[in-house]
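# A look at the structure
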There are 2 protein chains.
Amino acid sequence: MREAGSVRENLHALFSPRTLALIGATNNLGKWGGMILANVLTNGYKGKVFPVNPRDAEVMGMRAYRKVTEIPDAVDLACIVTPAETVPDLLLDCARKGIRTVLVISSDFAETGPEGRKRELALLELAGRTGIRIVGPNSMGIFSAPMSLVCMMALIEPLRGDISFISQSGNIGVQMLEWGRGLKAGFRYFVSSGNEADLSCRDYLKYFGEDPECRSVMIYLESLKHGEGWLEVARAVSREKPVVVFKGGKGEAGQRAAASHSAALAGAVPIFDASFRQSGLIQARTTEAFIDCARSLARLPLPGGDRVGIITRGGGWGVITTDACEEQGLVVPPLHAGTVEALDRLLPAYWSRGNPVDLVAVTNIRIYRECIEILMKDPNIDGVIALGALPGRVMSFLSRPSLKERVGLKDEHVRAYESGAQSAGQEVLEGIIHLMKTLKKPVVLVGGGQKSPVYEAQMEEAGLNIYPTPERAVRVMARLMEYARYRRRLEAEPMK
Amino acid sequence: MREAGSVRENLHALFSPRTLALIGATNNLGKWGGMILANVLTNGYKGKVFPVNPRDAEVMGMRAYRKVTEIPDAVDLACIVTPAETVPDLLLDCARKGIRTVLVISSDFAETGPEGRKRELALLELAGRTGIRIVGPNSMGIFSAPMSLVCMMALIEPLRGDISFISQSGNIGVQMLEWGRGLKAGFRYFVSSGNEADLSCRDYLKYFGEDPECRSVMIYLESLKHGEGWLEVARAVSREKPVVVFKGGKGEAGQRAAASHSAALAGAVPIFDASFRQSGLIQARTTEAFIDCARSLARLPLPGGDRVGIITRGGGWGVITTDACEEQGLVVPPLHAGTVEALDRLLPAYWSRGNPVDLVAVTNIRIYRECIEILMKDPNIDGVIALGALPGRVMSFLSRPSLKERVGLKDEHVRAYESGAQSAGQEVLEGIIHLMKTLKKPVVLVGGGQKSPVYEAQMEEAGLNIYPTPERAVRVMARLMEYARYRRRLEAEPMK
């Protein structure tokens, strides 16, 4: 195990390389060296890429070099995609060229058995001797939003944002980047950390912690290769920004599976759980919560307690959301007397006077806007889960020819209704975003509804996200409240 | 409480009315009577609808009647949408007209407090006296696929299929019908059972149980109004087809919330849990699992045990899926020696020789096809969860102009690749469907991928569904294995 303190420059070279040598680059898209180069080229890498190939003088229309030592420019980062047995010599070439950071995509190291383990140890020894720091081996690559660099084995175009992500499984990493596109959750840096022969999870986490542009960190963790310093780094980062961990290999069979794929024994679960709790890491229990939390926790205001107010336009959904809150250890308290009084003035006489606040058959979205404000201001409430905040898809029905004729609807009626619903929906969203800022209470939305695309950016910026099921919204609120609890505890303690 | 035996005709009138009187029909789409009529008309109801309105002679271009007694035809079903206090007189009109089944949408009965409770008791008494059976009050309406009848308060067009659905929350019902559209899960009958003053969950369940066209039943249940006979009915139905229950009001606050919205105390959870287990009802623990299970359980072969084989193209996803299986009480056993041997001939030397079967970097979809067959034939395996079975979306990358030029790709190459991937994907799906039938082992798929629309119907028919997360797929498999266990136990017992 080598020193942790000196890797800052290596990780700068990894995530912001002005020049990249791709060793094993090829025209053949059926090979990883072809797919990675295609990825680098089509995603608009802002630096300069040098294909290295001992046979072809030209690769994808670019001059190729037989060895890295022939490249005229200084090389910040080398990426090796060739078979395992060729890697040591190539690493020596890199050392000769003065390259200090090498991303090893090549597999067939410790993850494949005793022979591979020997190869990995030899590689590590060589790296130590040459002063090179290694990412991988058996990595699927990296993504860097600032450099527009997708140096990865999977054809993917991640959305840019401010989540940074370390994954001990390349495929899980790729899938999360892909899900992020659908969720509008953007990433800043991603690293598939592979076998972590040298650089490890801890190093990447420390780097992301010190990066002011990174607002939250995701870690898919199966095992801790280098336990030293882990807790200190985790504590230091989670003091500044949320770190969301998904632990793979929880059960017995899962640990066996993990052992065979990332060359490490997945550690005992209770020890991990305790270490996450002690260091303020937020543990996601489902793959969806993993990305949901990374996306929402960084932006929502940290609530002052665990008491949730629920507002809904359907009794059953209020019941389910309440159940889900209780299951997650959150409190759904009765409303403050002043809240009941204020809502009495807006809702029909028979409203339930309780939490969840069920708007029953009130369809006026402006009343919804007023009710959520009253609920957010309730002194007993620390955060709000709001269902059905946006007007539904009525339009497709109103504009059916058969209906238009029958009720004498004109196109302008339909358009007027549509734009009315749109602006009412925007008003609700604007109101909530404003209240979140002033009251410092988080809101999580549930349900579909019409959302104006022009409004998406403001919602994303405020962390006001819509989840399709109450369970997902509740999990986000629960993890947010857990993180807020940790941060409050820190503040109560004297700085150590 | 009235007799349960005689309701068959009433429920036939409810779900297959040749004639429907809509009392409270109006031109005004802002009123429920307008929205329901619009729903009935635009969804192509196969019967005849008679608007009833004391003031307007014409509603939505149709002749309206002042009273049901003025309608010339016999009326199978009346639907009342007018204020609570008008309902008793209208019910008497229905009795005079000879109508025996009335759907009461009107609210402000027992769910709103003591006054409403009195009104509900009076209504029930009146129904008993006139021989009318009542659905509701406080129902959101019904859907019938065979009649193309959407007699509901929400603008919705459910997909037709063979799930029948009873919901003690109208809004949850509507949302599930809506989700069904996205999932391609179709419904046969739906009833929002409202306050269940008269006809109750048990009656609807019995009717759906006796309907050979209905292949699975969903119940959103907060409370049992009429407990008598419930267990017997549940047992009789779950012997024939899966009945999936979602229980609302599990925690203390959730029970309070349920009490205020459906006019009933949600019962003690342990009692419900035990009754579900005893009667073979399958309890869904998430809203997604609710519809996922109703959709998949009816069609997948019932597995002979609880042992799951996992096949994946990424180690991390195998780990997560294994963890999720163990969490759900399923077994992920080692592979049979013959399976390892057979896979040895197809996979690279360093494959893990374990379950999950990780195809590592094998991208050939035809090898996937062979591997899943070997895994399905493993005598230690009762069902398979298959991740990444379909080829991914490579096309959008291959057809990028910048890439096409650089690697000299021609449009015909791209098209050839695309159709190759398509047909390979179809081959995998066809193979799995065939194996499910012959081996009687279920398969649940995880992941996106390219799916030919022409193939969707065959997949849906076979119950071969794709879920976006491993957790969802595992929950479906877990509930299926639970149901299969119950059915095996039944078969082992002598018929009672």
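Scope of this entry: the structure provided in the associated data block. Owing to the predicted nature of the structure, the values given are computational and were not obtained by experimental measurement. (Residues numbered from 1 in each chain as written. Chains lettered and ligands numbered in written order. Predicted model: local features only at pLDDT ≥ 70, side-chain atom pairs only at ≥ 80, totals over all residues. Heavy atoms only, no water.)

### What about the relation of the copies chain A and chain B?
Take chain A, turn it by 180 degrees, move it 0.0 Å along the axis, and it overlays chain B with an RMSD of 0.0 Å. The superposition of one copy onto the other is thereby described by a two-fold rotation axis. A shared interface surface links the copies, since 100% of the contact residues of chain A are contact residues in chain B too. (Least-squares fit on C-alpha atoms with pLDDT ≥ 70 in both. Contact = heavy atoms within 4.5 Å.)

### A look at the sheet that holds strand β5 (residues 77–80) of chain B
Residue and element names in this part refer to chain B. Pairing within the open sheet is parallel, and its five strands lie in the order β2-β1-β5-β6-β7. What marks the edges here is a single partner per strand, and that holds for β2 (48–52) and β7 (133–135). Looking at each pair of strands side by side, their axes are set apart by 20 degrees on average, direction ignored. With five bridges connecting them, strand β1 (residues 19–23) and β2 associate as parallel partners. In the sheet register, Thr19 faces β2, and the bridge partner there is Lys48. (Pairing = 2+ DSSP bridges. Helix = DSSP H or I, 4+ residues; strand = E, 2+ residues; numbered from the N terminus. Axes fitted to C-alpha atoms, helices over the stretch in contact; angles between N-to-C directions.)

### So, unusual backbone geometry
Phi is mostly negative for residues that are not glycine, and the peptide bonds are mostly trans. Going from Gly136 of chain A to Pro137 of chain A, the amide bond is cis rather than trans, its omega being -5 degrees. Note that Pro137 of chain A resides in the loop between β7 (133–135) and β8 (141–144). Residue Pro356 of chain A follows Asn355 of chain A across a cis peptide bond; omega there is 5 degrees. Residue position: Pro356 of chain A is located in the loop between α12 (337–344) and β16 (357–358). At Ser148 of chain B, a residue that is not glycine, the phi angle is positive and equals roughly 50 degrees. Turning to its location among the elements, Ser148 of chain B is positioned in the loop between β8 (141–144) and β9 (149–152). Phi at Lys440 of chain B takes a positive value of approximately 55 degrees, unusual for a residue other than glycine. Looking at where Lys440 of chain B falls in the secondary structure, it is placed in the loop between α16 (411–439) and β18 (443–446).

### A look at the interface of chain A and chain B
A common measure of how large an interface is: the accessible area buried when the components associate. Each partner contributes residues to the interface: chain A has 75 residues there, and chain B has 75 residues. Of the roughly 5600 Å² buried at the junction of chain A and chain B (both faces included), carbon and sulfur atoms supply 62%. At the junction of chain A with chain B, the criterion picks out eleven residue pairs in polar contact (both at pLDDT 80 or more). Tallied by class, the residues present in the side of chain A that touches chain B amount to 31 nonpolar, 25 polar and 19 charged. (Buried area = accessible area lost by both parts, 1.4 Å probe. Polar contact = N/O pair within 3.5 Å; in protein donor to acceptor, adjacent residues only side chain to side chain. Nonpolar A, V, L, I, M, F, W, Y, C, P; charged D, E, K, R; others polar.)

### What to know about the environment of Val59 of chain B
Residue and element names in this part refer to chain B. Examined against the element boundaries, Val59 turns out to sit in strand β3 (residues 58–59). Judged by its relative accessible area of 0%, Val59 falls in the buried class. Expressed as a C-alpha distance, the spacing of Val59 and Ala25, which sit 34 residues apart in the sequence, is 7.1 Å. Ignoring anything within four residues of it in the chain, the contact list for Val59 reads Ala25, Thr26, Asn27, Leu37, Pro51, Asn53 and Ala64. (Buried < 20%, exposed > 50% of the residue type's maximum accessible area, 1.4 Å probe, protein only.)

### A short note on the packing of helix α6 (residues 201–209) of chain A against helix α7 (residues 230–238) of chain A
Residues and elements named next belong to chain A. As a packed pair, α6 and α7 sit with axes 9 Å apart at the nearest point and diverge in direction by 25 degrees. The angle between α6 and α7 falls in the class roughly parallel. Crossing of α6 over α7 shows left-handed handedness. When α6 is examined against α7, the residues Cys201, Arg202, Leu205, Lys206 and Gly209 are found in contact with a partner set consisting of Trp230, Val233, Ala234 and Val237. Of the residues assigned to the contact of α6 with α7, the class counts are six nonpolar, one polar and two charged. (Parallel < 35°, antiparallel > 145°, perpendicular 65-115°, else oblique. Left-handed = near helix turned anticlockwise from the far one by under 90°.)

### Some remarks on the packing of helix α3 (residues 87–97) of chain A against helix α4 (residues 114–130) of chain A
Residue and element names in this part refer to chain A. In the contact formed by α3 and α4, the axes pass within 10 Å of each other and the chain directions differ by 10 degrees. Compared by their axis directions, α3 and α4 come out roughly parallel. Residues Val87, Pro88, Leu91, Leu92 and Ala95 of α3 pack against Leu123, Leu126, Ala127 and Thr130 of α4. Of the residues that constitute the contact of α3 with α4, the class distribution is eight nonpolar, one polar and no charged.

### Quick word on the packing of aromatic side chains
Per the counting criterion, the structure on display carries 28 aromatic pairs over all chains. Considering the side-chain rings of Phe50 of chain B and Tyr65 of chain B, the 5.9 Å spacing of their centres and the 70 degrees angle between planes classify their relative orientation as edge-to-face. Here Tyr65 of chain B lies in the loop between β4 (62–63) and β5 and Phe50 of chain B lies in strand β2, a separation of 15 residues in the sequence. The two residues Phe50 of chain B and Tyr65 of chain B agree in class, both being buried. Taken together, the aromatic side chains of Phe165, Phe187, Phe190, Tyr220, Phe246 and Phe290 of chain A make up a single cluster linked through ring pairs. Here the basic side chain of Lys250 of chain A rests over the ring of Phe246 of chain A, its NZ or CZ set 4.5 Å away from the ring centre. (Phe/Tyr/Trp six-rings, centres within 6.5 Å; stacked < 30°, edge-to-face > 60°. Lys NZ or Arg CZ within 6 Å of the ring centre and 35° of its normal.)

### Quick word on the pattern of salt bridges
As enumerated under the stated definition, the model contains 52 salt bridges over all chains in all. The salt bridge involving Glu115 of chain B is made with Lys118 of chain B; its shortest N-O contact spans 3.4 Å. In this pair, Glu115 of chain B and Lys118 of chain B are both assigned in helix α4 (residues 114–130), three residues apart and thus about one turn of the helix distant. Residue Lys118 of chain B is classed as exposed on the basis of its relative accessible area of 55%. A cluster of three or more residues bridged by salt bridges with shared partners is formed by Asp162, Arg215, Arg299 and Glu461 of chain A. (Salt bridge = Lys/Arg side-chain N within 4 Å of Asp/Glu carboxyl O.)

### Things to note about the sheet that holds strand β14 (residues 282–283) of chain A
All names here are of chain A. The seven strands are arranged β9-β8-β11-β10-β12-β13-β14 in an open sheet whose pairing can be described as mixed. The strands lining the two open edges of the sheet, one partner per strand, are β9 (149–152) and β14. As defined by bridge partners, strand β12 (residues 216–221) adjoins strand β13 (residues 243–247) across five bridges and the pair is classed as parallel. Among the inter-strand pairings, Ile219 is bridged to a residue of β13, identified as Val245.

### Here we look at the pairing of β9 of chain A
Residues and elements named next belong to chain A. Residue alternation in β9 divides its side chains into two sets, Leu149 and Cys151 and Val150 and Met152, and both sets are buried. Relative to β9, β8 runs antiparallel, the two being bridged by four bridges. Within β9, the residue paired with Ser144 across the bridge is Leu149. Between β8 and β9, which pair antiparallel one after the other, the connecting turn spans four residues, and Ser148 there sits at a positive phi close to 50 degrees.

### Re the pairing of β5 of chain B
All names here are of chain B. Burial of β5 is two-sided: the residues Leu77 and Cys79 facing one way and the residues Ala78 and Ile80 facing the other way are all buried. In this sheet, β5 lies alongside β1 in parallel orientation, the contact comprising four bridges. Within β5, the residue paired with Leu20 across the bridge is Leu77. The pairing of β5 with strand β6 (residues 101–104) spans three bridges and is classified as parallel. Bridging across to β6, Ala78 finds its partner in Val102.

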